[in-house]
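Residue-level structure breakdown
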Amino acid sequence: SQKIEQNSEALNIQEGKTATLTCNYTNYSPAYLQWYRQDPGRGPVFLLLIRENEKEKRKERLKVTFDTTLKQSLFHITASQPADSATYLCVLAGANNLFFGTGTRLTVIP
Amino acid sequence: DAMVIQNPRYQVTQFGKPVTLSCSQTLNHNVMYWYQQKSSQAPKLLFHYYDKDFNNEADTPDNFQSRRPNTSFCFLDIRSPGLGDAAMYLCATSRDLRGSQETQYFGPGTRLLVL
């Protein structure tokens, strides 16, 4: 089955800097990959989806890349704000399965 | 504007006492999912309904059951909760099955505590 690794359990950065979160997977390349945000005690909220034939996707201050050769997705938040502090989940989808990473907890320090 | 609603937000039950968690949606989505999430872990899919078709994950314990009486509502029944069942239970919906590139909309979750 698919194994997903998100770079670190926790990441602290200074406000205004760019946060970069990494998602690596081990087996087959998924048809698409999603990133969700989860705040403590809340359900995940969808942020971005990128398909296997897309290199990059942007939404406001968010950018996702997808490299099927490296089996890696990078999630960037530019001009980070304390309100961006949350856990970010990488989610991979294949034909009939959905795999969640354990997430990276991002803290943006004012 | 609530789209996926879960009640209650917090549920306390006793060891072995049956408990039911509820989920409703206003999105008219075909698929409803139940996930279990423990602290610092990824959400774990328990089962899903595609319309009225029930799909159980292979490693979901028999202690967990689900009902979907209509499109809008879905219930999670835990027949005999154990201490290890204490977790956040998340309900999610999608327009179609996950393999069809559909994003999932999650409810706020129900935090279950087993005493």
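Note that the coordinates shown come from a computational prediction; the quantities given were computed from them, not determined experimentally.

**Re the state of the cysteines**
Residues and elements named next belong to chain A.
- Counted according to the given criterion, the structure contains 2 disulfides over all chains.
- Shown here is the disulfide that connects Cys-23 with Cys-90, its sulfur atoms set 2.0 Å apart. Disulfide Cys-23-Cys-90: the torsion about the S-S bond is -65°, which places it as left-handed. Within this pair, whereas Cys-23 is found in strand β3 (residues 19-25), its partner Cys-90 is found in strand β9 (residues 86-93), the two being separated by 67 residues in sequence.

**Comments concerning the nonpolar core**
- Trp35(A), Phe75(A), Tyr88(A), Leu92(A) and Leu106(A) are the most contacted members of the largest nonpolar core, which has 24 residues in total.
- When residues of this core are traced back to their parent elements, those giving at least two are β2 (10-14), β3, β4 (32-38), β5 (45-51), β7 (62-67), β8 (72-77), β9 and β11 (104-109) of chain A.
- If near-sequence neighbours (up to four positions away) are discounted, Leu106(A) is found in contact with Leu11(A), Ile13(A), Ala19(A), Ile77(A), Asp84(A), Ser85(A), Ala86(A) and Tyr88(A).
- Counting residues in each nonpolar core, the second largest holds 18 residues, with Val4(B), Trp34(B), Ala87(B) and Tyr89(B) among its members.

**Remarks on the packing of aromatic side chains**
- The full count for this structure, using the stated rule, is 14 aromatic pairs over all chains.
- When the centroid spacing of 6.5 Å and the interplanar angle of 40° are considered together, the rings of Tyr36(A) and Phe100(A) count as tilted. Within this pair, whereas Tyr36(A) is found in strand β4, its partner Phe100(A) is found in strand β10 (residues 98-100), the two being separated by 64 residues in sequence. For the residue pair Tyr36(A) and Phe100(A), the accessibility class agrees, reading buried in each case.
- On the basis of an interplanar angle of 50° and a centroid distance of 5.3 Å, the ring pair of Phe47(B) and Phe54(B) is categorised as tilted.
- Classification of Phe47(B) by relative accessible area gives buried; the value is 1%.
- Chaining the aromatic ring pairs together yields one cluster made of Tyr36(A), Phe46(A), Phe100(A), Tyr33(B), Tyr35(B) and Phe106(B).

**Focus on the side chain of Ser73(A)**
Residue and element names in this part refer to chain A.
- Residue placement: Ser-73 occurs in strand β8.
- Among the polar contacts made by the side chain of Ser-73, one reaches the main-chain carbonyl oxygen of Thr-65 at a distance of 2.8 Å.
- Setting aside anything within four residues of it in sequence, one finds Ser-73 in contact with Leu-21, Thr-22, Cys-23, Leu-33, Trp-35, Val-64, Thr-65 and Phe-66.

Basis of the calculations
Residues numbered from 1 in each chain as written. Chains lettered and ligands numbered in written order. Predicted model: local features only at pLDDT ≥ 70, side-chain atom pairs only at ≥ 80, totals over all residues. Heavy atoms only, no water. Disulfide = S-S within 2.5 Å. Helix = DSSP H or I, 4+ residues; strand = E, 2+ residues; numbered from the N terminus. Core = buried A, V, L, I, M, F, W, Y, C linked by side-chain atoms within 4.5 Å. Buried < 20%, exposed > 50% of the residue type's maximum accessible area, 1.4 Å probe, protein only. Contact = heavy atoms within 4.5 Å. Phe/Tyr/Trp six-rings, centres within 6.5 Å; stacked < 30°, edge-to-face > 60°. Polar contact = N/O pair within 3.5 Å; in protein donor to acceptor, adjacent residues only side chain to side chain.

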